[in-house]
Amino acid sequence: AQRVTQPEKLLSVFKGAPVELKCNYSYSGSPELFWYVQYSRQRLQLLLRHISRESIKGFTADLNKGETSFHLKKPFAQEEDSAMYYCALSPKTNTGNQFYFGTGTSLTVIP
Amino acid sequence: DVKVTQSSRYLVKRTGEKVFLECVQDMDHENMFWYRQDPGLGLRLIYFSYDVKMKEKGDIPEGYSVSREKKERFSLILESASTNQTSMYLCASSEGAKNIQYFGAGTRLSVL
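Residues numbered from 1 in each chain as written. Chains lettered and ligands numbered in written order. Predicted model: local features only at pLDDT ≥ 70, side-chain atom pairs only at ≥ 80, totals over all residues. Heavy atoms only, no water.

Enquirer: In this structure, what is going on with the overall build of chain A? I would like to understand it.
Expert: Counting its secondary structure elements, chain A contains zero helices and eleven strands. Along chain A, helices and strands appear, N-terminal first, in the series β-β-β-β-β-β-β-β-β-β-β. Whereas a compact globule of 111 residues would reach a radius of gyration of roughly 13 Å, chain A reaches 14 Å, a difference of no more than 12%. Seen through its principal axes, chain A has C-alpha atoms that stretch 45 × 30 × 25 Å. Across the 111 residues of chain A, 46% fall into the buried class. (Helix = DSSP H or I, 4+ residues; strand = E, 2+ residues; numbered from the N terminus. Rg over C-alpha atoms; globule rule 2.2 N^0.38 Å. Buried < 20%, exposed > 50% of the residue type's maximum accessible area, 1.4 Å probe, protein only.)

Structure representation (structure tokens):
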């Protein structure tokens, strides 16, 4: 069974401090991993995906297959980073491309 | 830009009513999804569809059904609404090859 675990429901950091949002997954194959973000009063949107290997809004995430983790990191948090963050896993299938989401981490960046 | 539109932002219904939540996407995506979003529980998949008239159960299909008569439209139906179905409902769509889900703004349903 596929499962995505985000151990922190709430995370608070000061502006300018590093931030790391944890995500661990369990899956027997080679899934695709994503981070989605939901800012206040906005719709859920893709932040980044592991196959892109991009840095978006200063955030990066490295897929560690040995530790089955996909932690989201940013060296210097900004107030506008305050949002709800969801880690998601998608098994590579021929149909449906179903996603499995974690329970989310609410990040607050303190000015 | 991909547009996923949910017909209602807020709905208030009474226990036992039949409720329809509508979702339309304008990007000719094959896949469409219905989730409910609850604090502390994240997003849980109710149903998804990878083609017209096709549907698959997600993790929590009980008490729900879906309809996909046209490619662009995916409806979620609560046959007899109950108070435990009070939640935020999110619709999403994706193109199979690109495997990125695009979300609607959500419908906040209150069942009294």
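Enquirer: In this structure, what is going on with the environment of B:Ile77? I would like to understand it.
Expert: All names here are of chain B. Position of Ile77 relative to the elements: it lies in strand 8 (residues 73-78). Given a relative accessible area of 10%, Ile77 falls into the buried group. A C-alpha to C-alpha distance of 4.7 Å links Ile77 and Phe20, two positions 57 residues apart in sequence.

Enquirer: Sorry if this is basic, but what is going on with the sheet that holds strand 7 (residues 60-61) of chain A here?
Expert: By definition, the strands of a sheet pair up through backbone hydrogen bonds, in either a parallel or an antiparallel sense. In space, the three strands of this open sheet follow the order 3-8-7 (chain A), with antiparallel pairing throughout. Unpaired on one side and paired on the other, strand 3 (19-21) and strand 7 of chain A mark the two borders of the sheet. (Pairing = 2+ DSSP bridges.)

Enquirer: Looking at this model, I keep getting lost on the nonpolar core. Mind explaining?
Expert: Burial of nonpolar side chains together is a common tendency in soluble globular proteins. Residue and element names in this part refer to chain A. Among the nonpolar cores identified, the biggest contains 25 residues, and Trp35, Leu72 and Tyr85 are the most heavily contacted of them. The set of elements that each furnish at least two residues to this core consists of strand 2 (10-14), strand 3, strand 5 (32-38), strand 6 (45-49), strand 9 (83-90) and strand 11 (105-110). No other element matches strand 9, which puts four residues into this core. Residues contacting Tyr85, with those up to four places away along its chain left out, are Gln6, Leu21, Trp35, Tyr36, Val37, Leu47, Phe59, Leu72, Gly104, Thr105 and Leu107. (Core = buried A, V, L, I, M, F, W, Y, C linked by side-chain atoms within 4.5 Å. Contact = heavy atoms within 4.5 Å.)

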